[in-house]
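# An overview of the molecular structure
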Amino acid sequence: YNPMTHQLASASASDFGLWSAEAKSVPKHKLPSRALCCSWTNDGQHLALGLFSGVVSVRDRTKPEVEKVRIERTSPVWTLAWNPSRDESFDVLAVGCWDQTLSFYQLSGRQIGKDRDLGSDPCCVSYFGNGEYLCVGGSDRGASLWTKDGVRLAPLGERSDWVWTCKPRPKHNFVAIGGNDGTIVMYQLQFNTVHGLYQDRYAYRDNMTDVIVQHLMTDEKVRIKCRDYVKKIAVYRDRLAVQLPERILIYELAHADDSSDMGYRPCERISKALECNLLVVTAAHITLCHEKKLQLLDYKGTLVREWVLESTIRYIKVIGGEREREGLLVGLESGAVVKIFVDNPFPIQLIKQQTAVRCLDLSPTRQRLAVVDENATVSVYDLSTGKLEFQEANANSVAWNTELDDMLCFSGNGTLSIKTAAFPLHVQKLQGFVVGFKGSKIFCLHYVEMKTIDVPQSASLYQYLEQKDFRAAYKVACLGVTEADWRELGIEALKA
């Protein structure tokens, strides 16, 4: 069906016609070869026909008898589809040919990029409603997910026979697949958030093949086009690691001494297909997590060191340190939290809980540890004594203030809670996960969007003033309070 009019295009072994309710007769237009598929452009003005002879014939709706554009392939064009997105600057036609390729063309007939090798004969090509992805099925007895630019992302499912058709559900992440064995199967797709964070730099995957690095303090963003499926991302100081299916790319900042610099450039490449659950990067190494095992590799891909822990690794965080002597905090399913130095073969156990670790963070002075467990309970420990200092329920993530050792925040159950010293909690509404806390700014991840929230420090300031602790009150004021709060601090200090 034409997306804009009530016309229906039908094609046969020797001709095609345009049907409409208003027309009393249907004029037929000859084709030089058997038609195998057809598709309308978004505006309904052009019809593309794929022929058995390997020709793609594009016809104008007003003059269907005239071939406007001719694209020639070497094998039968079994399937084709126009990108349905109206945000594209020009119409894009995806062509599945039985020379086992997928190719893309503009309406003018000009090819976009090179042919993509499929390794099988495509029987169906179908776009998602937003035009960002398409699924391809065929003689390989399965369907696969591709980006609109022709990057293969992942298999969608395997069948016992050829896949003749696959259709995404409009406005949903479901794909129905029909096979030669007579079965129809529905798959639900889950697009996980792939991201990495270190202090005020946040990197996340966009469109499955790009990496966007965001400076949380300045809100400046830079896009890095990887042109391949991005599987994992890790950030550390002036380093960025991106894992692709067949390699890991390492980027560095052009001006590492500039805290606001966002100019990333490639510096190293590990040409290996490495599988891992978690990935972290340090100044001269990457660390791969496989269930209970941690592997340290240099930037050439050589295995330097390996640690095997007591249970499955649930969370890992780089806590900095000297170059090639950095420290890692590792939370385990057993409830243990261990510290590992990349130049030391022996892990150091810090604390042991009864429940699995979900999230953790270390205070700026490295004297206290905050842990969120599987029961959504946040616990704060003094590492010098091992004593439990504070515990609270309804937490899904926790972060220490990087500029004040006595202040942390945690989120959960639709609220944000800020804990300062031994004072009562300051609670406000918040949706999402807290991932960072710097001065008076809290960084919160809500779905795939990172938000920066300004938090007033007045409550903490006045709590310290009540205790006559002017030194601590001054530290809090330096994080960000109003002019009136500064005046109150000065007056109270003079009274004392």
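Our subject is the structure listed above.
Residues numbered from 1 in each chain as written. Predicted model: local features only at pLDDT ≥ 70, side-chain atom pairs only at ≥ 80, totals over all residues. Heavy atoms only, no water.

Time to look at the side chain of Thr41. In this structure, Thr41 sits in the loop between strand 4 (35-40) and strand 5 (46-51). Discounting chain neighbours no more than four positions away, the residues touching Thr41 are Pro3, His46, Trp82 and Asp91. (Helix = DSSP H or I, 4+ residues; strand = E, 2+ residues; numbered from the N terminus. Contact = heavy atoms within 4.5 Å.)

With that settled, consider the pairing of strand 8 (residues 77-82). Counting buried positions along strand 8 yields 5 of 6 residues, so the element is predominantly enclosed. Of the pairings in the sheet, the one linking strand 8 to strand 9 (residues 92-97) comprises 5 bridges and is antiparallel in character. Counterpart to Trp82 in the pairing with strand 9 is Leu93. (Buried < 20%, exposed > 50% of the residue type's maximum accessible area, 1.4 Å probe, protein only. Pairing = 2+ DSSP bridges.)

Enumeration according to the criterion identifies 11 aromatic pairs in this entry. Ring plane angle 35° and centroid distance 6.1 Å describe the contact between Trp78 and Trp164, whose orientation is recorded as tilted. In this pair, Trp78 sits in strand 8 while Trp164 sits in strand 16 (residues 163-168), placing the two residues 86 residues apart along the sequence. Seen from their ring centres, Phe390 and Phe410 are 6.4 Å apart, and the 45° between their planes marks the pair as tilted. Taken as a pair, Phe390 in strand 38 (residues 388-392) and Phe410 in strand 40 (residues 407-412) lie far apart in primary sequence, 20 residues in all. Residue Phe390 is classed as buried on the basis of its relative accessible area, which comes to 14%. Phe410 sits in the buried class, given a relative accessible area of 2%. Grouped by ring-pair contacts, the aromatic residues Trp78, Trp98, Trp162 and Trp164 constitute a single cluster. (Phe/Tyr/Trp six-rings, centres within 6.5 Å; stacked < 30°, edge-to-face > 60°.)

Geometry of a packed helix pair, given as the angle between the helix axes and the separation of the axes. It is at 11 Å that the axes of helix 1 (residues 458-466) and helix 3 (residues 483-495) come closest, and there the two elements cross at 5°. As summarised for this structure, helix 1 and helix 3 are arranged roughly parallel, according to the angle between their axes. Contacts between helix 1 and helix 3 pair Ser458, Leu461, Tyr462 and Leu465 from the former with Asp485, Glu488, Leu489 and Glu492 from the latter. When the residues that make up the contact of helix 1 with helix 3 are grouped by side-chain class, the tally is 4 nonpolar, 1 polar and 3 charged. (Axes fitted to C-alpha atoms, helices over the stretch in contact; angles between N-to-C directions. Parallel < 35°, antiparallel > 145°, perpendicular 65-115°, else oblique. Nonpolar A, V, L, I, M, F, W, Y, C, P; charged D, E, K, R; others polar.)

Turning our attention to the nonpolar core. Ranked by internal contacts, the top residues of the largest apolar core, which has 49 residues, are Val211, Leu240, Ile286, Leu294 and Val330. Counting residues per element, this core draws most heavily on strand 25 (residues 248-253), which supplies 5 residues. Aside from chain neighbours lying at most four places away, what touches Leu294 is Thr287, Leu288, Cys289, Arg305, Glu306, Trp307, Leu309, Ile313, Ile316, Val330 and Ile340. In terms of nonpolar packing, the next biggest core, distinct from the first, is built from 25 residues, Ala399, Leu465, Val481 and Leu489 among them. (Core = buried A, V, L, I, M, F, W, Y, C linked by side-chain atoms within 4.5 Å.)

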